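Residue-level structure breakdown
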Amino acid sequence: KIVIVPEPEEALRLREEGLGEVCVGEVNGVRPEGFDFGNSPYELTQANLEDETVILSTRAGTVGVAAAGGAEVIYAGAFVTAGATARAILQEGPAEVTIVAMGWNARVRTDEDEQCAMYLRNLLEGRRPDPDAVRRLVLASGEVAKFRDPAQPHFHPEDVEIALDIDRYDFAIRVVREGDFLVARRHG
């Protein structure tokens, strides 16, 4: 399970209180002091977190999820779970779906988040977007350069390929309120 909090200080406090074992996240792309891992998919593939409760705090995704905390249903979207997320949403049959591309620090639009939002929208509307074309669009974007910049080692080059492995996982990530917390779990 993943406990989602918007602020790094809250993540550290929850770990100290025993509500989770591992803090994962970023502020401006960098792992906050005291955190076990940054927000790198590659870095997390090197860890065994199977039986751990993870406390996640990022400057975009978790802030967005917390802001949407009053929604009836919340799914955390990503290319790696796009197909499963669309199927889960369609199975629920909501009258309205809002897709929010969080971008950089929830303030600056980014191509990969915009493309992911459009990819999900197309799936929800019954179209089959071309994953290779979407990958090419994202790879041509300005954001990818930071993953190849030796001056920014916190951005692992492997993260790009992992993040663009469209439909890598056949499950969605549903976020539910459990007491005072928003918790993300595998769905489907």
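Details of the structure are given in the entry above.
Before going into details, it helps to say that this report is about the structure given with it.

What counts, and where the lines are drawn
Residues numbered from 1 in each chain as written. Predicted model: local features only at pLDDT ≥ 70, side-chain atom pairs only at ≥ 80, totals over all residues. Heavy atoms only, no water. Salt bridge = Lys/Arg side-chain N within 4 Å of Asp/Glu carboxyl O. Helix = DSSP H or I, 4+ residues; strand = E, 2+ residues; numbered from the N terminus. Buried < 20%, exposed > 50% of the residue type's maximum accessible area, 1.4 Å probe, protein only. Pairing = 2+ DSSP bridges. Phe/Tyr/Trp six-rings, centres within 6.5 Å; stacked < 30°, edge-to-face > 60°. Lys NZ or Arg CZ within 6 Å of the ring centre and 35° of its normal. Expected span 1.5 Å × (residues − 1). Core = buried A, V, L, I, M, F, W, Y, C linked by side-chain atoms within 4.5 Å. Contact = heavy atoms within 4.5 Å.

**A short note on the pattern of salt bridges**
Under the criterion given, the structure shown has 13 salt bridges. E10 is the salt-bridge partner of R13, the closest N and O atoms lying 4.0 Å from each other. Here E10 and R13 lie together in helix α1 (residues 8-16), a separation of three residues that amounts to about one turn. For R13, a relative accessible area of 40% puts it in the partly exposed group. Judged by relative accessible area, E10 falls into the partly exposed class, the value being 25%. Measuring nitrogen to oxygen at the nearest pair gives 3.9 Å for the salt bridge that ties E125 to R121. One network of salt bridges, in which partners are shared, links E10, R13 and E17.

**Considering the pairing of strand β3 (residues 54-57)**
The side chains of a regular strand alternate, first on one face of the sheet and then on the other. Neither face of β3 is open: one carries V54 and L56, the other I55 and S57, and all of them are buried. Where strand β1 (residues 2-4) and β3 come together, three bridges link them in parallel fashion. Considered in β3, the bridge of I2 is made with V54. In terms of strand pairing, strand β2 (residues 22-25) meets β3 through four bridges, oriented parallel. Each residue of the ladder has a partner; that of C23, found in β3, is I55.

**Regarding the pairing of strand β6 (residues 181-187)**
Judged from the three bridges that link them, β1 and β6 form a sheet pairing that is antiparallel. Within β6, the residue paired with I2 across the bridge is A184. Pairing of strand β5 (residues 172-178) with β6, which is carried by seven bridges, proceeds in the antiparallel orientation. The residue bridging V175 from the neighbouring strand is A184, located in β6. Here β5 hands over to β6 after two residues, with G179 in that stretch at a positive phi of 65°.

**Notes on the packing of aromatic side chains**
A complete count under the given rule lists four aromatic pairs for this structure. Relative to F155, the ring of F147 lies with its centre 5.3 Å away and its plane at 65°, an arrangement referred to as edge-to-face. Residue F147 shares its accessibility class with F155, and that shared class is buried. Plain terms: the ring middles of Y169 and F171 are 5.4 Å apart, the flat faces sit at 40° to each other, and that makes the pair tilted. Its relative accessible area of 34% is what places Y169 among the partly exposed residues. Under the relative-accessibility criterion, F171 is labelled buried at 13%. By the ring-pair criterion, three or more aromatic residues cluster together here, those being W104, F147 and F155. Directly above the aromatic system of F171 lies the positively charged group of R186, at a separation of 4.0 Å from the ring centroid.

**So, helix α5 (residues 111-124)**
For α5, spanning 14 residues, the distance from its first C-alpha to its last is 20 Å, which sits close to the expected 20 Å at 1.5 Å a residue. Among all positions of α5, only Q115, C116, A117, Y119, L120, N122, L123 and L124 are buried. At the C-terminal side of α5, G126 shows a positive phi close to 85°.

**Structural notes on unusual backbone geometry**
Backbone geometry at N28 places phi at a positive 55°, although glycine is not the residue there. Along the polypeptide, N28 turns up in the loop between β2 and α2 (41-45). Backbone geometry at D167 places phi at a positive 65°, although glycine is not the residue there. Residue placement: D167 occurs in the loop between α7 (157-163) and β5.

**Looking at the nonpolar core**
Core analysis: the biggest nonpolar cluster contains 20 residues, and F79 and Y119 have the highest contact counts within it. Of all the secondary structure elements, the ones that give two or more residues to this core are α4 (82-92), α5 and α6 (131-139). Of all the elements, α5 adds the most residues to this core, at five residues. Dropping the residues within four chain positions of it, F79 is found in contact with E112, Q115, C116, Y119, V134, V138, A163, L164, D165, I166 and D167. Ranked by size, the runner-up nonpolar core spans eight residues in total, among them V3, V5, A11 and I55.

In short, geometric facts, not functional conclusions.
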